[in-house]
Amino acid sequence: MGKTHERIDGRLRSFIEAQPVFFTATAPLADDGTVNLSPKGLTGSLAVIDDLTVAYLDFAGSTSETVAHLRENGRITLMWCAFQGPPNIVRVHGRGEPVFRDDPRWAELLGHFPDIDPTPHGLRAIIVVKAELVRDSCGYAVPFMSYDEDRDLHGKRFAREDDASLSAYFAKKEHIAQSIDGLPGLPLPLPPTTV
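To keep things clear, this report deals only with the structure shown in the data block. Everything quoted here is computed from the prediction, not taken from an experiment.

### Structural notes on the environment of Thr66
(1) Moving on: Considering the arrangement of structural elements, one finds Thr66 in helix α2 (residues 65–72).
(2) Moving on: Setting aside chain neighbours within four positions, we find Thr66 in contact with Thr24, Thr26, Asn36, Ser38, Tyr56 and Ile76.
(3) Moving on: Side chain to side chain, Thr66 and Asn36 meet in a polar contact 3.3 Å long.

As structure tokens, this is what we get:
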């Protein structure tokens, strides 16, 4: 029932771009390390860059597990599943990298997200994933659910922060500069953006 694809194009690309939510999974190298699984949403915060590259905006949150794991080993899996329409699950297994705000690639990467204003969300990194394995499967057991709209709470919460106050907020959080397992997480204080 599952099928391996050589690239993210055509039907797969259309499917990925149409989904209002996706999931990321990462893990540290340590056998007893904490596996992380995160839901991601916000319309316009994900982009298919090319046939083997996907990127998404990494906004302010309570931990930085994905960033920490990617800094350590780069392994990541992204998953989309159809909650409406024909059943389908798509997974992109690959190598990811957090691109931070002072990286020379920042402005070019940010250009792939024209429909979103990242300012009110405390944008801290852009996660770039190079696909090594692209698979889809049936999704027969995924339930039908309706998408109503994006929540506005995240934007409302972080819109009142500037770089200095956001850095101070992150410094107070236990698992931002370091992961749950003590790996280096988000570099603090936040560097200014290169844009």
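There is more to say after this.
### Quick look at the packing of aromatic side chains
(1) Moving on: Applying the stated criterion across every chain, the model contains four aromatic pairs.
(2) Moving on: An angle of 55° between the planes, with centres 5.7 Å apart, marks the rings of Tyr169 and Phe170 as tilted. No difference in accessibility class separates Tyr169 from Phe170, as the two residues are buried.
(3) Moving on: Three or more aromatic residues link up through ring pairs in this structure, and these residues are Phe22, Tyr56 and Trp80.

### Some details on unusual backbone geometry
(1) Moving on: Of the consecutive residues Leu188 and Pro189, the connecting peptide bond is found in the cis state with omega at -5°.
(2) Moving on: Locating Pro189 in the fold gives a position in the segment after α5 (163–172).
(3) Moving on: A positive phi angle is found at Leu42, which is not glycine, with a value near 80°.
(4) Moving on: Classification of Leu42 as partly exposed rests on a relative accessible area of 22%.

Conventions and cut-offs
Residues numbered from 1 in each chain as written. Predicted model: local features only at pLDDT ≥ 70, side-chain atom pairs only at ≥ 80, totals over all residues. Heavy atoms only, no water. Helix = DSSP H or I, 4+ residues; strand = E, 2+ residues; numbered from the N terminus. Contact = heavy atoms within 4.5 Å. Polar contact = N/O pair within 3.5 Å; in protein donor to acceptor, adjacent residues only side chain to side chain. Phe/Tyr/Trp six-rings, centres within 6.5 Å; stacked < 30°, edge-to-face > 60°. Buried < 20%, exposed > 50% of the residue type's maximum accessible area, 1.4 Å probe, protein only.

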